[in-house]
Each structure stands twice: as structure tokens, then as C-alpha cells.
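Structure at a glance
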Amino acid sequence: MRRRAGERHVAGDGGDRTGILHVEELRKRYAPDTPLVCDGLSFNVNQGEFVAIIGPSGCGKSTLLRMIAGILSPTSGDVWVGGRRIDGPPPEMALVFQDYTRSLYPWLTVERNVRFPLAKRRDLDKAEKAERVAEAIRTVGLTGFEKYSPGQLSGGMQQRVAIARALAFQPQILLLDEPFASVDALTKEGLEDTLLDVRDRLGASGNTMLMVTHDIDEAIYLADRIVVLSKPPCVVAEELSVDLPVPRTQVESRSHPEFLRIRAYVHDVMGLTDQRRRTHGGPQPSA
Amino acid sequence: MSLTSAPTEEAVAGAPAPVAPGRAARRGPRLGVNPRGFAFALGLLVVIELLTATLVTSAYVPRPSEVGSALLSEIGEGDILSGLGDTLWAYLQGLGIAAGLGVILGAALGASNVAYQTFRVVIEFLRPLPSVALIPFSILLLGVGSTTTVAMIAYASFWPILFNTYYGVRGVHATSVETARSFGVGGLGVFFRVQIPSAATSVAAGVRISASIALILVITVEMLTRSGGLGHYIVRMQVAIRTEEMYAGIFLVGLIGYLISLVVGHLERRVVFWNVDSREDGGR
Ligand SMILES: Nc1ncnc2c1ncn2[C@@H]1O[C@H](COP(=O)(O)OP(=O)(O)OP(=O)(O)O)[C@@H](O)[C@H]1O
Ligand SMILES: [Mg+2]
């Protein structure tokens, strides 16, 4: 189901659990007597869809992704993947962490970092693993750096290693937490296109992507749908679909009237989040 | 820009050329010779030589040249060398046992809260107890000889390795663990593939500390128990008022300490090459 920008999202309207990913009334409180971080998040992601999540800094986007990835348990609420309620990391998912320096292993070379998730897989033989690793490294443009250790690479290059590692895993659902935050504008455009490519190549059966970003333009350029989160404790403030024509290209898509319209709209939504929460009876911000 | 996968050209152009990869670039100087440092040390020797030849004429402060010739003749006789051999052998055994036990037990404590809670009180009691205080007990139990020496070295150097391993395993960053978990790596896999390697830098620091503690211990125990080795040699020469030989023994101990720190530093740079700490000190 697609909504045009401007249509209201009715929080907690359920959605079907049969979609590839379904998030239902997620709440998270890290410790007793601390404020809620997420306060009843619900949304749905369909097979093959690219969904972008945007929201103000500290609103709980990383927290949300970690709950979806099954490495953080919600205080209440459920995550459904492929019709199953998860209570651990689902095998069809990979997460590219925001904190890529901690996420890469400094004692492993680039190549071995990328191979890490495949290393103990019995269903793949050595050649298949090597092929996947080489392919993933090529995709992010790091061929030639296989034998480097992460500490010898720039921040942006390290982030690309982390992306390559997730690609080598070939997940059905790829979760990305601000994956392009520390690459320059040119590399960023290239990597955005790489993501779209990966999706195209895998076709309809293929990659569902859920990406957290601060960058509204990036969200519009990449996503089929955008989920806007409110200030903490976060709820879904708005869901809108992006009806930009495909295939998308950096120059044309970004100057398309629809792009500009959505952009203005999202700015508006993010600026007015507080007011919207009040009118819709969400929890009141205390200060 | 088209829809082809194209971060490659621009991205790689700005990066260092992909040549000569791997550890070599990280390793820093090898067993580096530091010419200025050696020149200063030699100069210092010359000054001491001049001072002891002119102003300081106590029989207990021999001239460096006399110590040097005493060292050479003692080496010729073999006495000091067998002492050196005993000392080194006890040192290696003690430190080896400490490292083996410290890493295994430290990792076990780090892996299991139950184990940590169980052993904690005993550990906290034993740790601050100066190990030399246990020498009399050790002599009663193990007798005078290399067993006591090795046991005391192992005991004293065990603690830094144990604690550094424990804190290393514990201190692994949550994201490192979560990364592995998100790829479906189970508890045991996380322990061996993430926690243990990421503890390696901390373990290495523990071994570095213990390497000097072990040297202090081996000499102290040899002096106290008079059971052979360089420590005993130094005491014997002191009692016989053979000051030149005594200083020759002391010099050898200093030399061992220096070489040990070189070797440990070198190993550390190789084994935990990614650790910033171990790369800080340049040439020695
Ligand atoms: N491990 C944790 N323990 C306790 N509180 C946490 C933890 N991780 C995050 N928080 C808190 O949860 C809130 C949301 O954090 P989160 O990292 O999810 O935000 P974010 O939206 O990803 O922010 P950013 O855009 O800056 O990455 C913050 O107030 C933070 O202090
Ligand atoms: Mg975040």
C-alpha cells in the first residue's frame, strides 16, 4: 500500500505480518527510570522495497535498527520477519553499523573482515566464499586494498569495507545505519548508486533495504518510501511514498518536481513534528 | 551519472595507491638501533671512568674498565655464564607458566560471571599480597632450589596477565560483539573470534608488565634463597668483597632487562600490530 506525500499515517494501524518485515508497537527503555527511547513504533516493509528512516539526532534510529536486527530486545512490541516473530538475529538480515570503526575488526585484513560472516558457513565452499568476498570488495571499489588492515584506511574506506561485508553476506534484508555519513559527496553518490545497482541486480526476489539517514535528499533519491520519526521518545511521525520515476539518476532525479515537492514536505514535517504530536494525542514532551 | 556501479574511480583516486599492503607498514622500527642513545651511554661510561679514576677512589666503586675485564675473565671461567643460564631458564619457565595460566583463567573469568563471582574474593585477597612474602612458605613447601624460584616468578607474574586478560575480554566494545551476533555468530564464536582477539592488546600489555616483574622476582628469590643464578652470584661476590665481579653480575642483569624489553616490544608490535599503544615508542 502506497500513500502519497501528505496523506496521514495512522499510527498503529497494524499492517500485515506477512510482509517481509513488520514492526509492531515497539517500545524501548534502556534501563528502569530512564525515559522511553521508542514509544510504540509500527510500520511495514514489503519485499524488495527500499525504505528510508529519517529523524532528528538521538531520536532512537539506531536503537530501532538494533531491535529489528535482533541484537537488542525491545521493552515491548514485536518484530516480524518473513511472517515469523524474531527473538534473536534473523539469518536473512545484515546490519551495517553506524559505528563502523568498532564494527570492523582491526586484527583482520579488509579481505578477512569481509569474509568474517561467511567464514564458518558450511553451505559454501572455499571458492564461493572467495568469489563473494572479491565481488563485494569490487562493488564498493576497494579492489587492491584486500590486504590492508582497517586502521590503514580512511574513515570513508572503512565504511565501505563494512558495507562490503554486509553485501558478501547476501542478506534478504539489508539494514543500514547512516552508512554514508563519513564519505565525501562524490563517493557518496557513487555508493548510493551502488546500492540501487545491487537491488536491481537481485531483482524482485531480492534485496529489501532499510536505511537510516540524516540526509533528506539521500532518503528521497534512494527510497520507495520514507518513514519520518519524531523527536524522542520516537514514534512514526509520517510515512510517505516516493513516486520518483525509475531508473533514478543523480542529476535527473534530484531535479524532478516530485523530488522537490517531497523535499519541501519532509522539511515541513520534521519542523512541525512537535505540533503534530500534540494534535494527535501522543505523549507530551516534558520540557 | 548513470546507474552503473561507479564509486570506484573517484574513490580510489584519492586514496593511497594499493601497493605494499599488510603489516610491514605498521610495524615501525625493528630491533632498532638508536645511535644517539648509544653514543650518550658510551659518553656516560667514559665520564664515570674518569670520575672513578680521579675523584671517587672508594674500593667499593670500581672503574667501568675493571668491571669490564672482570666480566670477561668471569665469562672465561664460566661461573657467571652458568648463573646467567640458570636465571634465564627459571625466568622463561616462570613467565611461561604465568602467561599460560593467566590467559586461560583470565579468559575463563571474562567468559563467565559465575566463575568471576566465585573466585573474586580469593583473588582480591591474594593479589595485593607481596609475592616475596610467600618465599618462606614456598621454601617450606618446595624446598630451596629452582622449583621455588620458578614458582615465585610464576606467582608474581600471573596477576597482571590474569587481570589484563580478564579486563580485555570484558572490555570488548559492544558494537564488536553485536556485529558478530548480527551475522548469526553464536556465543562461543563471539568469544573465540571477537572477544579473545580484541583482548589481545590488553593481554600483551599484561605480558609486558609481567616480563619486568618476573626479572625482579628471579633475582630477588635467587638472592634470598642462595640457590644459584645471577642473584646468588651477585650475593656471593658481595660477601667475598669482589666488587668488580659483583658489578659485572649487576651489569648482566641490567643487560637482560634491556634485551627483554626490546624483545617484548618487538613481539608486541608484530602480534598486536593494530594496537596504537604498542607502536608509540619508536627507536630505542
Ligand atoms: N546502549 C545504550 N544504553 C543506554 N541508552 C542508550 C544506549 N544506546 C542509545 N541510548 C539512548 O537512546 C537514545 C537514542 O539513541 P540512538 O543511538 O538510537 O539515536 P539515533 O537516532 O541513532 O541518533 P543519531 O542520529 O545521532 O545516530 C539516546 O538518548 C541515547 O542516549
Ligand atoms: Mg544512530
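In the block above lies the structure referred to throughout.
These remarks concern the structure in this document. Each chain has its residues counted from 1, running along the sequence as written. A letter from A marks each chain and a number from 1 marks each ligand, given out in the order of writing. For this predicted model, a pLDDT threshold of at least 70 governs which residues receive local features, and a threshold of 80 or more governs which side-chain atom pairs are given and counted, while totals over whole chains, interfaces and linings are taken from all residues. Hydrogen atoms and water are omitted, and side-chain values are computed over all heavy atoms in the structure.

1. Points about the packing of aromatic side chains
Aromatic rings from Phe, Tyr and Trp, with only the six-membered ring used for Trp, were paired whenever their centres fell within 6.5 Å, and each pair was classed as stacked if the ring planes differed by under 30 degrees, edge-to-face if by over 60, and tilted otherwise. Taken as a whole, this structure holds 13 aromatic pairs over all chains when the rule is applied. Counting every residue linked through ring pairs, the aromatic cluster contains Tyr116, Tyr155, Phe158, Trp159, Phe163, Tyr166 and Tyr167 of chain B. If you follow Lys28 of chain A out to its NZ or CZ, it ends over the ring of Tyr30 of chain A, 5.5 Å from the centre. Should the NZ of a Lys or the CZ of an Arg lie within 6 Å of a ring centre and within 35 degrees of the ring normal, that charge is described as sitting over the ring. Positioned above the aromatic ring of Phe163 of chain B, the side-chain terminus of Arg127 of chain B is 4.0 Å from the ring centre.

2. Re the coordination of the magnesium ion (ligand 2)
Residues and elements named next belong to chain A. Taken together, Ser62 (OG) and Gln98 (OE1) make up the protein donors of the magnesium ion (ligand 2), found 1.9 to 2.1 Å from the metal. Of this pair, Ser62 sits in helix H1 (residues 61-68) while Gln98 sits in the loop between strand S6 (93-96) and helix H2 (100-103), and the two are 36 residues apart along the sequence. Judged by relative accessible area, Gln98 falls into the partly exposed class, the value being 35%. Atoms of type N, O and S within 2.8 Å of a metal are treated as its donors, and for Na, K and Ca the window is 3.2 Å; water is not considered, so some sites may appear to be missing partners. The numbering of helices and of strands both runs from the N terminus, where a helix is a DSSP run of H or I of at least 4 residues and a strand a run of E of at least 2. Relative accessibility under 20% of the residue-type maximum defines a buried residue, over 50% an exposed one, and the middle range a partly exposed one, all with a 1.4 Å probe and only protein chains included.

3. Digging into the sheet that holds strand S1 (residues 21-28) of chain A
All names here are of chain A. Any two strands with at least two DSSP-identified bridges between them are counted as paired. Read from one edge to the other, the open sheet built from four strands follows the order S2-S1-S4-S5, with strand pairing classed as antiparallel. The open sheet has two edge strands, strand S2 (38-45) and strand S5 (84-85), and neither has a second partner. The sheet contact formed by S1 and S2 spans six bridges and is antiparallel. The residue of S2 that forms the bridge with His22 is Asn44.

4. Describing the nonpolar core
Residue and element names in this part refer to chain A. In terms of nonpolar packing, the biggest core is built from 54 residues, with Val114, Leu174, Leu195, Ile220 and Ile226 touching the most fellow members. If you tally residues by element for this core, the top one is helix H5 (residues 155-169), at nine residues. The contact criterion used throughout is that any non-hydrogen atoms of two residues lie within 4.5 Å. Leaving out residues up to four positions away in the same chain, Leu195 has contacts with Phe50, Leu174, Leu176, Phe180, Met209 and Met211. Buried residues of nine kinds, namely Ala, Val, Leu, Ile, Met, Phe, Trp, Tyr and Cys, make up a nonpolar core once their side-chain atoms join them within 4.5 Å.

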